[in-house]
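# Summary of the model geometry
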Amino acid sequence: MVVAYKEHIQFIMILVVMYVMGVWLDPTIYLIFPIMMLLFGVKKHFFELLICTLWLLILSDYIPVDNATYADLQFAKDLKPMVPIILLGFFLLNRERFAPYPKFIFYFIPFFIVAAIGLNDSLDFQVGAQKTISFILMYMVIPLYVNLLHREHGEFFWRSLFTFIIGMLAIGIVLGIVVPQIGVLEGANRFKGIFGNPNGVGIFLNLTFILWIVLEEFGLLKLTKKERWVTLLVILISLFWSGSRNGIMSITLFYLIYRLTKINWFLALIAVAVFIIFSDFIFDAFVEFVSFFGLEGYFRVNTLEEGSGRQVAWAFAWIQIQDYFFVGGGFGHDEHVMRPNYHWLVRKGHEGGVHNSYLSLWFDTGIIGLIMYFGAIFRVVFSSFKQHYIVLAFIVSLLFNITYESWLVASLNPFTIMLVIILTIFAQNFRGEQAVVEDESVSEKN
């Protein structure tokens, strides 16, 4: 990891300078950032383009602290819509270099069509159209860039990418310790680091942990023992300090099923079935376990059953969905319906949106879009299942995680880009040098 930092020290300093400009509300950041993106593109520095995208999306998730002197990193929220357009532009200018293209992108075309049709009933066509375009572009261009960077740089690309991700998480921990009014949620004493809220930390950590294990499983990344310990420490500190129950459970599910697949994939499948069938019993056992060790406050047991008011939102959302059952109202429709009823929902014990990606997708694209989207996801997963049983752990963890959060319907956030990167690895069946050596050893034994 140190080597990756040294290799990209100039680029890191550029990110630091742009961050400082954004924090100080320097209006020139609205000119400097696009110029830097254009310069990277012209010089064909595609890795820097990808990292700038992830960096900006992470910053855009930040929710301002009241009366903060540097307000809210609003520049990241304002600038992020241009990012997928810039990425698309430089892909079009360098089409030959990006070829051959990842074919799994086409799996999502039926979903894109249904989402576009839903705009006919959009309550805000302009916002819905913008969200639809950004969603389509992110699912198209990110696999193209990842595929190119893997082909041209191999393990060095994956090491640099993962080093950047862990570095951003480490910065969040430092902020939580040194400037708690920024890195810790006031009143709840829950860590949020560089993200908007503790639950956002949990989602990102789940995807980061999955990416880590997938990279090593595919032979794309080989960390030293010390690097593994540092990575694990950063993830665990962030996870348990955030108190994200969804994050803790999602990571635990992924790791347990992943370890079971190492023994026997069918045994792992049985474990998944048991978890689904006896989920109520497992939940009760978990509450008893937490109570026995006196951790009711940490796990907020008093809000576990109703999901911190989520059941109120889910019941309300289900009623509203009936009017847009088959096709939906276009991207952003869930927000357009929930926001006018915010104060009523607060009185019922819920703050926020739908907090369920299935219902949010149903809101926006209808039952048809929901089927089309997960049809594409499962096609990617099952096409890789024969070679890599780890996809079983991935899909179970993902499906559980999105049950309590709606991030899947948004494209310009730090979570969707991580998901698309992982899907690209599965679909393209990337193999590192270490994995190739292992495959050859197995072939010789056979």
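Owing to the predicted nature of the structure, the values given are computational and were not obtained by experimental measurement. Along each chain, numbering runs from 1 in the same order as the chain's sequence is written. The model is predicted, so local features are restricted to residues of pLDDT at least 70 and side-chain atom pairs to those at 80 or more, both for listing and for counting; the totals for chains, interfaces and linings are taken over all residues. Computation of side-chain values covers all heavy atoms of the structure but excludes hydrogens and water.

### Brief notes about the environment of Val234
With respect to the helices and strands, Val234 occurs in helix 13 (residues 225–242). Note: C-alpha distance between Val234 and Gly172 (62 residues apart in sequence) is 9.7 Å. Excluding residues within four positions of it along the chain, Val234 makes contact with Ile166, Leu169, Ala170 and Ile173. Helix and strand labels come from DSSP, where a helix needs a run of H or I of at least four residues and a strand needs a run of E of at least two; each type is numbered from the N terminus. Only heavy atoms matter for contacts: two residues are in contact if any of them lie within 4.5 Å across the pair.

### Considerations on the pattern of salt bridges
Criterion for a salt bridge: a side-chain nitrogen of Lys or Arg within 4 Å of a carboxyl oxygen of Asp or Glu. Per the counting criterion, the structure on display carries 6 salt bridges. Between Glu216 and Arg228 there is a salt bridge, with its nearest N and O atoms 3.2 Å apart. Of this pair, Glu216 sits in helix 12 (residues 198–217) while Arg228 sits in helix 13, and the two are 12 residues apart along the sequence.

### Comments concerning the nonpolar core
With 139 residues, the main nonpolar core has Phe33, Trp55, Ile142, Trp158, Tyr373, Phe394 and Ile425 as its most contacted residues. Residue contributions to this core peak at 13 residues, all from helix 21 (residues 357–385). The nonpolar core is taken to be a set of buried Ala, Val, Leu, Ile, Met, Phe, Trp, Tyr and Cys residues, with the residues joined through side-chain atoms within 4.5 Å. The buried label applies to any residue whose accessible area, calculated with a 1.4 Å probe on protein chains only, is under 20% of its type's maximum; exposed applies above 50%, and partly exposed to all values in between.

### Considering the packing of helix 8 (residues 109–117) against helix 21
In helix packing, the relevant descriptors are the interaxial angle and the interaxial distance, both defined with respect to the helix axes. Axis definition: a line fitted to C-alpha atoms, over the contacting stretch in the case of helices. Angles run 0 to 180 degrees between N-to-C directions. At a closest axis distance of 9 Å, the pairing of helix 8 and helix 21 adopts a crossing angle of 155°. Taken together, the axes of helix 8 and helix 21 lie roughly antiparallel to each other. Relative to helix 21, helix 8 is oriented so that their crossing is right-handed. Residues Pro110, Phe111, Val114 and Ala115 of helix 8 touch helix 21, and the partners they reach there are Leu361, Thr365, Ile368, Gly369, Met372 and Tyr373. Just so you know how the angles are binned, under 35 degrees is roughly parallel, over 145 roughly antiparallel, 65 to 115 roughly perpendicular, and the rest oblique. Crossings are assigned a handedness: left-handed for a near helix turned anticlockwise from the far helix by less than a right angle, right-handed for a clockwise turn.

### Re the packing of aromatic side chains
Any pair of Phe, Tyr and Trp rings, taking the six-membered ring for Trp, is counted once the centres come within 6.5 Å. Such a pair is stacked with planes under 30 degrees apart, edge-to-face with planes over 60 apart, and tilted for the rest. Taken as a whole and assessed by the stated rule, the structure comprises 46 aromatic pairs. Relative to Phe266, the ring of Trp265 lies with its centre 5.8 Å away and its plane at 85°, an arrangement referred to as edge-to-face. When its relative accessible area of 32% is taken as the criterion, Trp265 is described as partly exposed. Three or more aromatic residues joined by ring pairs form one cluster here, namely Phe108, Phe111, Phe112, Phe135, Tyr139, Phe331, Tyr358, Tyr373 and Phe374.

The analysis is restricted to geometry; functional conclusions fall outside its scope.
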